[in-house]
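Residue-level structural notes
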Amino acid sequence: MEPQPTPAAAIETVFRMESPRVIAAAARVVRDVGVAEELAQDALVAALEQWPRDGVPDRPGAWLTAVARRRAVDLVRRRATHARKLAEIGRDLESAPPPEEPADLADPDAIDDNLLRLVFTACHPVLSADARTALTLRLLGGLTTEEIARAFLTPEATVAQRIVRAKRTLAERAVPFEVPAGPDREARLGSVLDVIYLIFNEGYAATAGDDLVRPALCEDALRLARVLAGLMPKEPEVHALTALLELQASRVAARTGPDGAPVLLADQDRGRWNRMLIARGVAALHQADATASGAPGRYALQAAVAACHAHAVRYEDTDWATIATLYGLLAARAPSPVVELNRAVAVSMARGPAEALRIVDGLTQDPALRGYHLLPSVRGDLLDRLGRPAEARAEFQRAAELARNGRERELLLARAARCA
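Being a predicted model, the structure only gives us computed values, none of them experimental. (Residues numbered from 1 in each chain as written. Predicted model: local features only at pLDDT ≥ 70, side-chain atom pairs only at ≥ 80, totals over all residues. Heavy atoms only, no water.)

On to the overall build of the protein. Within the protein one finds 19 helices and 0 strands. Within the protein, buried positions represent 49% of all 420 residues. Accessible surface, the protein as shown: approximately 20300 Å² in total, 52% of it carbon and sulfur. (Helix = DSSP H or I, 4+ residues; strand = E, 2+ residues; numbered from the N terminus. Buried < 20%, exposed > 50% of the residue type's maximum accessible area, 1.4 Å probe, protein only. Areas by Shrake-Rupley, 256 points an atom, 1.4 Å probe, with all protein chains shown as cover.)

Right, here's the structure in full:
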């Protein structure tokens, strides 16, 4: 018989699941995500005191939200500028219900509206990319500072400092707790999607450390994408990002062998690909197409590439010509040397390594790729296929020197040895 979790552990599990909505509801009142997080923690303390004695309420999330929001209102009332603050948040907050009667919190639309505000606030452009990522994982992913630090192989003190500075910056800049409208919304949405994609990529192909894949980070990013898709059902790029992550996540289990060593796409056991995630990804991509009114966005194009791989029963069945075309469209839509490098790989498979090498050689002087280990890695692969093993070996060795991930470094050194 498995041991049952303690009441405190069960309560903390519930809190982790509900904390984004609790923080969002409190932030709607106090207009400060740092203070809102503290109020959410106060609600957790109240639950730890009352639930073991009185029992877990039928709707624990609503209970926690009611407590945090009531304390937020009390805090606003105590401030010197309480009159102005109360005018901003509306008369309905004057009589917030007690935690035992959270009926007015049953409206999911109101809760989701607050959650959407929290997403855009945590990913505000006034914050650095690192700060946005850490704050998003903290407030929306429910991760502790220790968990974020471990996931990104960053000192815990550094992550804690980023989060504290991010909250301070939002407060000092008086960043409004709102969902932007008009042209600003599209620009800000891009920042939100980029943060979620960055979190996923760090899990899918870790930049440093001894593990190639960190599935927990992939799961966190995928959960955030799904939540965002539910909150913004009419945004095609939100569905496109969700599709991309579902399709990419379907291959995670096959990307490493039993010993954790990387398995190249050509060698992966496609029977280990998660068909349910592929089906979800294809459905999300159809939803992106159905809601789009113009040309596909960059996440839609990347999701289409991932779908091409998912539809290939064998590696030899991959439609590389279509993938090369999609990367060409992506390069026109969002020019990037990394996109061009990916296009070169597709071109090498569709039309041969010689044409691809010309593309890659044109990227060797790009300053953005100066320390990017995949540039010499791709070049080494092309040279090897062209029957130039000595040059290929030098490229693989250089790629290994640049790689920060231990597993990738081992793979590159092994490829260099084979060229010898």
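What follows picks up the thread again.
The residue Thr121 is located in helix 5 (residues 108-122) in this model. If sequence neighbours within four positions are ignored, Thr121 has contacts with Val33, Leu127, Leu170, Pro176, Phe177, Glu178 and Arg188. (Contact = heavy atoms within 4.5 Å.)

The next subject is the pattern of salt bridges. This structure, assessed with the given rule, holds 20 salt bridges. Across the pair Arg379 and Glu395 runs a salt bridge, and its minimum N-O distance is 3.0 Å. Residue Arg379 is located in helix 17 (residues 374-385), and its partner Glu395 is located in helix 18 (residues 389-402); the two are separated by 16 residues in the primary sequence. Salt bridges sharing partners connect three or more residues here, namely Glu37, Arg138 and Lys167. (Salt bridge = Lys/Arg side-chain N within 4 Å of Asp/Glu carboxyl O.)

Summed over all chains, the structure comprises 3 aromatic pairs. Consider the rings of Tyr197 and Tyr299, whose centres lie 5.4 Å apart with planes at 85°: the pair is edge-to-face. Residue Tyr197 is found in helix 9 (residues 183-204), and its partner Tyr299 is found in helix 13 (residues 298-311); the two are separated by 102 residues along the sequence. Over the ring of Trp273 we find Arg251; its NZ or CZ atom is 5.6 Å from the centre of that ring. (Phe/Tyr/Trp six-rings, centres within 6.5 Å; stacked < 30°, edge-to-face > 60°. Lys NZ or Arg CZ within 6 Å of the ring centre and 35° of its normal.)

Take the nonpolar core next. Generally speaking, nonpolar side chains in soluble globular proteins are found buried as a group. Residues Val30, Leu118, Ile196, Leu228 and Leu245 are the most contacted members of the largest nonpolar core, which totals 92 residues. At 10 residues, the largest contribution of residues to this core is made by helix 2 (residues 33-54). Aside from chain neighbours lying at most four places away, what touches Leu228 is Leu116, Val119, Leu189, Val192, Leu193, Ile196 and Val238. (Core = buried A, V, L, I, M, F, W, Y, C linked by side-chain atoms within 4.5 Å.)

With that settled, consider the packing of helix 17 against helix 19 (residues 406-419). One can describe the packing of helix 17 onto helix 19 by two numbers: an axis separation of 12 Å at closest approach and a directional angle of 25°. Judged by the angle between their axes, helix 17 and helix 19 are roughly parallel. Here helix 17 runs over helix 19; the crossing is left-handed. Here helix 17 contributes Leu374, Ser377, Asp381 and Asp384 to the contact with helix 19, which in turn contributes Glu408, Leu412, Arg415 and Cys419. Considered class by class, the residues forming the contact of helix 17 with helix 19 number 3 nonpolar, 1 polar and 4 charged. (Axes fitted to C-alpha atoms, helices over the stretch in contact; angles between N-to-C directions. Parallel < 35°, antiparallel > 145°, perpendicular 65-115°, else oblique. Left-handed = near helix turned anticlockwise from the far one by under 90°. Nonpolar A, V, L, I, M, F, W, Y, C, P; charged D, E, K, R; others polar.)

Right, let's get into the environment of Ser250. Here Ser250 lies in the loop between helix 11 (236-249) and helix 12 (275-291). Placed 60 residues apart in sequence, Ser250 and Ala310 show a C-alpha to C-alpha distance of 8.6 Å. Beyond its immediate stretch of four places on either side in the chain, Ser250 contacts Arg272, Trp273, Asn274, Leu277 and Ile278.

On to the confidence of the model for the protein, then. Low pLDDT means the predicted atomic positions in that stretch should not be read closely. Here the protein averages 86 in pLDDT, while 88% of its residues score no lower than 70. Between the elements of the protein, mean pLDDT differs from a low of 54, seen in helix 4 (residues 82-89), to a high of 97, seen in helix 12. Here residues 96-109 is a poorly scored stretch, pLDDT under 50, and it has 24 contacts once near neighbours within four places are set aside; other chains count. (pLDDT = per-residue confidence, 0-100.)

Now for the side chain of Ser377. Mapped onto the secondary structure, Ser377 falls in helix 17. Overall, Ser377 belongs to the buried group, its relative accessible area being 12%. In contact with Ser377, not counting residues within four places along its chain, are Phe396, Ala399 and Leu412.

Note that Ile278 resides in helix 12. Its relative accessible area of 6% is what places Ile278 among the buried residues. As a C-alpha pair, Ile278 and Leu247 span 31 residues in sequence and 5.2 Å in three-dimensional space. Aside from chain neighbours lying at most four places away, what touches Ile278 is Leu247, Ser250, Trp273 and Ala310.

Its place among the elements puts Leu245 in helix 11. A residue is classified by how much of its surface remains accessible, and Leu245, at 0% relative accessible area, is buried. With sequence-adjacent residues up to four places away left out, Leu245 is seen in contact with Ile196, Tyr197, Phe200, Ala221, Leu222 and Ala225.

Spacing of three or four residues puts side chains on the same side of an α-helix, whose turn is 3.6 residues. Within helix 16 (residues 353-361), the full set of buried residues consists of Pro353, Ala356, Leu357, Ile359 and Val360. Viewed along the axis of helix 16, the buried residues span an arc of 160°, placing them on a single side of the element. Against helix 15 (337-351) and helix 17 lie the buried residues of helix 16. (Arc of directions from axis to C-beta.)

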